[in-house]
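Here is what each chain is made of, one letter per residue.
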Amino acid sequence: MQQVLAVQGMVVEDVTVESGGGKFGSVVVATVRCDYRTSGRCSKCRRPCAGYDQGAGLRRWRTIDTGLLVTYLQAAAPRVSCPEHGVQVAHVPWARPGAKTTFLLEDVVAWSAANMTVSAVVVLLRLSWRTVAAIVARVVADLLGRSDPMAGLVRIGIDEISYRKGHRYLTCVVDHDTGRLVWAAPGRNTETLGKFFTALGPERAGLLTHVTADGADWIHRVVAQQAPQAVICLDPFHVVAWAMKGLDKVRHRTLAAAGVKDRNARWAVAKNPSDLSVDQQASLDGIRRSNSALYTAYLLKEQLRNVFAVKGQRGREVLAGWLSMARSSGLPEFLRLAVTIDRYRRMIWNTLEHNLSNAKSEATNCHLRALTKRAYGYHTPEALIAMGMLTRGGLRIVLPGRA
Ligand SMILES: [Zn+2]
């Protein structure tokens with residue numbers, strides 16, 4: 001049984017099957033205790049300490065199932081008096097301090113959550129969503145304590161991601177070279193980003209060469225202050241998204257005015273020309289013949305995308321052409337966008353010149369946005385961040401007993 005439960009420093013005293021009317025029916029209960037090496041230690045620092053009292057008596061920890069039966073370890077949970085940490089529950093070698101689940105179960109949960117949806121983990125392991133989220137947070141904190149995700153950062157992307165209605169945001173930092181999420185925190189302002197640079201430290205901030213961001217001036221300000229040597233590049237994803245927004249407005253405005261209902265129009269103008277279906281292509285042809293305002297907006301969107309496709313000096317020329325085309329378009333949405341783009345022209349030039357491929361970081365940002373769609377299951381932004389770090393933080397998550 002010792003081997004079945006896979007814990008060193010633990011003595012199994014008794015194993016019984018408890019037949020009961022609980023939600024899991026019959027369960028296996030293994031009564032265990034610490035051996036001479038692990039007993040009487042502080043759960044914070046693991047130093048041997050004087051005993052204090054018997055604490056709350058017997059406690060149970062859920063572990064992995066035995067066959068079909070839900071299984072618990074049961075042990076006394078005495079308290080010790082640590083010279084440094086005061087009165088603490090004594091250390092147990094089978095679980096993290098404060099956890100009601102064993103290392104064995106928590107490692108299986110973390111591996112599963114990294115490899116399948118949380119809804120699947122909940123069913124597979126018969127745990128609540130909340131328990132899974134709490135376990136992921138504990139495992140991630142543990143793994144982060146043993147590695148340094150900020151080591152060797154050179155080119156980073158800073159992004160704001162909305163995680164709940166009512167304008168709640170996370171600020172996320174992604175490593176462009178690995179695509180890993182390296183840091184995230186709730187909030188989107190100078191103070192939030194300041195915390196990242198505090199964690200990074202001035203020496204490592206001095207090693208950053210490139211920072212990509214959206215058009216948020218507060219990001220540019222903090223970067224200019226904390227890493228003045230870094231080149232700030234405007235993220236193409238956001239620039240093209242601005243054009244998409246303008247295009248959407250022109251579509252609504254012109255189609256509504258003409259009383260036209262064209263269910264293909266939305267995708268006809270939004271998608272890349274090579275991805276259009278036959279119906280969408282027909283819709284686009286119709287727009288070209290009969291809706292010059294919308295067709296102009298469409299060309300402006302495509303041209304802006306093209307700026308980032310050709311890059312370099314040629315990209316600058318295409319951008320200059322785009323600006324004059326937008327200014328003479330007569331479309332208020334694109335006149336406004338031209339002002340914005342002109343304002344950030346230098347940062348766009350940086351993007352074109354330094355040819356930062358943000359494919360990896362964009363994949364991570366897409367993944368994080370997908371996670372936020374299910375954010376109802378995460379009761380706190382911290383739980384959501386832990387899940388992001390688990391799945392995109394490059395942490396090494398191994399199943400118990402495997403190399
Ligand atoms: Zn201690």
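A quick note: this is a predicted structure, and the numbers were derived from the prediction, not measured.

Focus on the overall build of the chain
When its secondary structure is counted, the chain shows 16 helices and 12 strands. Over its C-alpha atoms the chain spans a radius of gyration of 28 Å, topping by over 25% the 22 Å that the globule rule assigns to 403 residues. Its C-alpha atoms put the chain at 85 × 50 × 35 Å along the principal axes. Relative to all contacts within the chain whose residues are 6 or more apart in sequence, the contacts with residues 24 or more apart total 58%.

Brief notes about the environment of W183
Relative to the helices and strands, W183 is located in strand β10 (residues 181-186). Residues W183 and D14 lie 169 residues apart in sequence; the distance between their C-alpha atoms is 45 Å. Excluding residues that lie within four positions of it along the chain, W183 makes contacts with M150, V173, F196 and A199.

A look at the sheet that holds β10
Read across the open sheet, the five strands follow the order β10-β9-β8-β11-β12; overall the sheet is mixed. Where the open sheet ends on each side, the last strands, each with one partner, are β10 and β12 (231-234). Each strand axis lies, on average, 25° off the axis of its neighbour in the sheet, ignoring direction. Where strand β8 (residues 155-164) and strand β9 (residues 168-175) come together, eight bridges link them in antiparallel fashion. Each residue of the ladder has a partner; that of D159, found in β9, is C172. Helix-sheet contacts for helix α5 (residues 190-200) involve β8, β9 and β10, and the interaxial angle to β10 is about 140°. Across the sheet, helix α15 (residues 359-373) is in contact with β8, β9 and β10; its angle to β8 comes to roughly 15°.

A look at unusual backbone geometry
Glycine aside, the phi torsion of most residues is negative, and most peptide linkages are trans. The backbone of R46 sits at a positive phi, close to 65°, despite the residue not being glycine. Secondary-structure assignment places R46 in the loop between β2 (27-34) and β3 (50-53). If you check the backbone angles, R126 has positive phi at about 55° while not being a glycine. Among the secondary structure elements, R126 is positioned in the loop between α3 (118-125) and α4 (129-146). On the basis of neighbour counts, which here come to 13 C-beta atoms within 10 Å, the residue R126 falls in the partly exposed class.

Here's the deal with the domain arrangement of the chain
When the domains of the chain are assigned, the result is domain 1 (1-96) and domain 2 (236-354). Domain 1 and domain 2 are separated by 63 Å when their C-alpha centres are compared.

What about the sheet that holds strand β1 (residues 10-18)?
Sheet strands associate in pairs through backbone hydrogen bonding, adopting either a parallel or an antiparallel arrangement. With mixed pairing, four strands are arranged side by side in an open sheet as β1-β2-β5-β4. Across the chains shown, the open sheet's two edge strands, defined by having one partner strand only, are β1 and β4 (58-66). Across this sheet, the average inter-strand angle for adjacent strands is 25°, counted without regard to direction. As paired strands, β1 and β2 are joined by eight bridges and run antiparallel to one another.

Comments concerning helix α10 (residues 278-290)
Along an α-helix, residues three or four apart share an orientation, since each turn contains 3.6 residues. When the terminal C-alpha atoms of α10 are compared, their 19 Å separation across 13 residues agrees well with the 18 Å that a helix rising 1.5 Å per residue should span. Buried within α10 are the following residues: S283, L284 and I287. Down the axis, α10 shows its buried residues gathered within 100° of arc, on one side only. Turned more than 90 degrees off the buried face of α10, the exposed positions are V278, D285, R289 and S290. Against the buried residues of α10 lie α9 (265-270) and α11 (292-310).

Re the pairing of strand β7 (residues 86-89)
Strand direction decides the pairing type here: strand β6 (residues 79-82) and β7, joined by four bridges, are antiparallel. Looking at β7, one finds that R79 is bridged to V89. With antiparallel pairing between neighbouring strands as the criterion, β6 and β7 make up a hairpin whose turn holds three residues.

Some details on helix α7 (residues 217-226)
Listing the buried residues of α7 in full gives I219, V222 and V223. Down the axis of α7, the buried set is contained in an arc of 100°. They therefore lie on one face. Away from its buried face, by an angle of more than 90 degrees, α7 presents the exposed residues D217, R221, A224 and Q225. Looking at the packing, one finds that the buried side of α7 touches β8, α5, β11 (210-213) and β12.

Focus: the pairing of β8
Relative to β11, β8 runs parallel, the two sharing three bridges. If you follow G157 over to β11, its bridge partner there is T212.

Thoughts on the environment of L304
In this fold, L304 is placed in helix α11. In sequence terms L304 and V240 are 64 residues apart; their C-alpha atoms lie 6.6 Å from each other. Among all residues touching L304, those that are not within four sequence positions of it are V239, V240, A243 and W322.

Comments concerning the nonpolar core
Judged by nonpolar contacts, the single largest core of 69 residues is most densely connected at V109, A113, V132, V136 and A386. Apart from residues lying up to four places away in sequence, V132 is in contact with V109, A113, V118, V121, V122 and L127. By size, the runner-up hydrophobic cluster in this structure holds 31 residues, among which are W242, A268, F334 and I341.

What counts, and at which threshold
Residues numbered from 1 in each chain as written. Predicted model: local features only at pLDDT ≥ 70, side-chain atom pairs only at ≥ 80, totals over all residues. Helix = DSSP H or I, 4+ residues; strand = E, 2+ residues; numbered from the N terminus. Rg over C-alpha atoms; globule rule 2.2 N^0.38 Å. Contact = placed C-beta atoms within 7 Å. Pairing = 2+ DSSP bridges. Axes fitted to C-alpha atoms, helices over the stretch in contact; angles between N-to-C directions. Buried ≥ 20, exposed ≤ 12 C-beta atoms within 10 Å, placed from the backbone. Domains from an automatic or database assignment. Expected span 1.5 Å × (residues − 1). Arc of directions from axis to C-beta. Core = buried A, V, L, I, M, F, W, Y, C linked by C-beta atoms within 7 Å.

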